[in-house]
Amino acid sequence: MTDSQWWRPHRHADRRPALLARNRIQRAIRDWLDANDFTEVDPAALVVSPGNETHLHGFATQMIGNDARAHPMYLHTSPEFAMKRLLAAGETRIAAFSHVWRNRERGPLHHPEFTMLEWYRAGQDYKVLMDDCADFLMLAGHAAGADLLRYRDATCDPYASPERISVADAFQDFAGVDLLASISPEGQTDRALLAAQAQAAGVRCGADDTWSDVFSRVLAERVEPHLGHGAATILDRYPAPEAALARRAPDDPRVSERFELYACGVELANGFGELTDPVEQRARFTADMDERARIYGETYPLDEDFLSALELMPPASGIALGFDRLVMLATSAPSVAAVIWAPVADPG
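A brief look at the structure comes next.

Calculation notes
- Residues numbered from 1 in each chain as written.
- Predicted model: local features only at pLDDT ≥ 70, side-chain atom pairs only at ≥ 80, totals over all residues.
- Heavy atoms only, no water.
- Helix = DSSP H or I, 4+ residues; strand = E, 2+ residues; numbered from the N terminus.
- Buried < 20%, exposed > 50% of the residue type's maximum accessible area, 1.4 Å probe, protein only.
- Lys, Arg positive; Asp, Glu negative; His and termini not counted.
- Salt bridge = Lys/Arg side-chain N within 4 Å of Asp/Glu carboxyl O.
- Contact = heavy atoms within 4.5 Å.
- Phe/Tyr/Trp six-rings, centres within 6.5 Å; stacked < 30°, edge-to-face > 60°.
- Lys NZ or Arg CZ within 6 Å of the ring centre and 35° of its normal.
- Expected span 1.5 Å × (residues − 1).
- Arc of directions from axis to C-beta.
- Pairing = 2+ DSSP bridges.

**Quick look at the side chain of E242**
Within the element layout of this structure, E242 appears in the loop between β11 (233-236) and β12 (248-249). The buried charged residue E242 lacks any salt bridge, with R258 as its nearest oppositely charged partner at 4.9 Å. Excluding residues that lie within four positions of it along the chain, E242 makes contacts with W211, S212, F215 and R258.

Printed below as a string of structure tokens:
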């Protein structure tokens, strides 16, 4: 019996309790959003750019216009660009349960199509999102009737206050790496220094690994295994070179207003104090696409409409949470596919 045969009656009977818990968790979160004055929005999934992060892989398609000409389009990897345009339009507190698509991603924690819960707060500090995350963990636990979140042998108490640690402190505590020593106030990175420290910590680095590659290796091998055990962990103040769409921290330009939420060693959410400077955002996108061209031999177009909207977007905080992962942990399921009503077929 293959995993693709989820539609067999006895398999569905086994899966159904977790799927019903999924519905209860989604309903509980929607009730919370309503009670906290969020407007639920539903952005279109077909976009001109799937995103401009180096290692993000979109699904490409074509849209045939009335002139019978084909125009390249993509399925979005996140509703982010559209939701920020809604902030520019005047919305102040919005949320979306969006189906999103990411290519080259399939495994226990990844699925080609999944549900992302994304929400934004105009005019509020990004730390408020940390409180939102704590509320959603509790809601998921209550709705699923779970005392603990579970993934494999790891557990996490969804009712305990999340622990908070900076990325720099986590690198020091778990790997003995002085991360900030490899970043200048101007945002320049010292690959050799970071690689030497990583290798001293037992992390193997390739000769062609960039600073970002080395950072990711230390994070995955030495830091992430320690996060979200017993209580959830908020990994805060990511280095500025890994800031993506986040603004720099006002007290230290080497780091950014970006955090990730972990439970049971699993990354659940990625939150930002949002960057609203279109010039800096364009420069970051361009640099990421240059790196993408070097690694993968392809790039994605820039969403010029999004960059124009940034000029009108108010200061805001925003976050994306992997809803299927949250349900997986709340139901002790073995994978995200186990809590998706009808998983994507595996052509392989």
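**Focus on the packing of aromatic side chains**
Remark: the centre distance and the inter-plane angle together describe each pair of aromatic rings, the angle taken between the planes. Counted according to the given criterion, the structure contains twelve aromatic pairs. A centroid spacing of 5.2 Å and a plane angle of 70 degrees characterise the contact between Y74 and Y300, whose relative ring orientation is edge-to-face. Of the two residues, Y74 is situated in strand β4 (residues 70-75) and Y300 in the loop between α7 (278-296) and α8 (304-309); the sequence distance between them amounts to 226 residues. You'll find Y74 and Y300 in the same group, each marked buried. Through successive ring pairs, a cluster of aromatic residues spans W32, F38, W119 and F136. The ring of F38 is capped by R93, whose NZ or CZ atom sits 5.7 Å from the centre of that ring. Here R258 stacks its cationic end above the ring of Y238, 4.2 Å away from the centre of that ring.

**Considerations on α7**
The α-helix advances 3.6 residues per turn, and as a result positions three or four apart in sequence lie on the same side. Between its first and last C-alpha, α7 extends 26 Å over 19 residues, near the 27 Å set by a 1.5 Å rise per residue. Turning to α7, its buried residues number three or more, namely P278, Q281, R284, F285, M289 and R292. Along the long axis of α7, the arc covered by the buried residues comes to 130 degrees, so they all point the same way. The exposed residues of α7 that point more than 90 degrees off its buried face are V279 and D290. In this structure, the buried residues of α7 make contact with α2 (80-89), β12 and α8. With its phi angle positive at about 75 degrees, G297 sits one or two positions after the end of α7.

**Digging into the sheet that holds strand β3 (residues 59-64)**
Read across the sheet, three strands follow the order β2-β4-β3 without closing on themselves; strand pairing throughout is antiparallel. Lying at the two open borders of the sheet, with one neighbouring strand each, are β2 (46-47) and β3. Bridge analysis of β3 against β4 gives six bridges, and the strand direction is antiparallel. Across the sheet, T61 pairs through a bridge with M73, a residue of β4.

**A look at unusual backbone geometry**
Its identity is not glycine, yet R152 carries a phi of approximately 55 degrees, on the positive side. Structurally, the position occupied by R152 is in the loop between β7 (149-151) and β8 (154-157). Positioned with a positive phi, R237 is a non-glycine residue whose angle comes to about 60 degrees. For R237, the location among the structural elements is in the loop between β11 and β12.

**Some points on the pairing of β3**
The buried fraction of β3 amounts to zero of the six residues, a small share that puts the element mostly on the outside. Between β3 and the antiparallel strand that follows it, β4, lie five residues; A68 among them carries a positive phi value of about 70 degrees.

**What to know about the sheet that holds strand β10 (residues 230-231)**
Spatial strand order, β7-β8-β10: three strands in an open sheet with mixed pairing. Of all the strands in the sheet, just β7 and β10 have a single pairing partner and so form its edges. By the bridge criterion, two bridges tie β8 to β10 in an arrangement that is parallel. Across the sheet, C156 pairs through a bridge with G230, a residue of β10.

**A short note on the environment of A333**
Here A333 is to be found in the segment after α9 (323-330). Separated by 315 residues in sequence, A333 and A18 have C-alpha atoms that sit 7.6 Å apart. Beyond its immediate sequence surroundings of up to four residues, A333 is in contact with Y151, M328, A338 and V339.

**Details of the environment of R16**
For R16, the location among the structural elements is in helix α1 (residues 9-35). Linking R16 and W341, residues 325 residues apart in sequence, is a C-alpha distance of 8.5 Å.

**Concerning the pattern of salt bridges**
Where charged atoms from two side chains of opposite charge come close, those side chains can pair. Evaluated as defined, the whole model comprises 19 salt bridges. In this structure, E40 engages R30 in a salt bridge whose closest nitrogen and oxygen atoms are separated by 2.7 Å. Note that E40 is positioned in strand β1 (residues 39-40) and R30 in helix α1, a separation of ten residues in sequence. Among the ionic pairs, E257 bridges to R247, the shortest N-O distance being 2.6 Å. Placement of E257 in the loop between β13 (252-256) and β14 (258-263) and of R247 in the loop between β11 and β12 is noted, with a sequence separation of ten residues between them.

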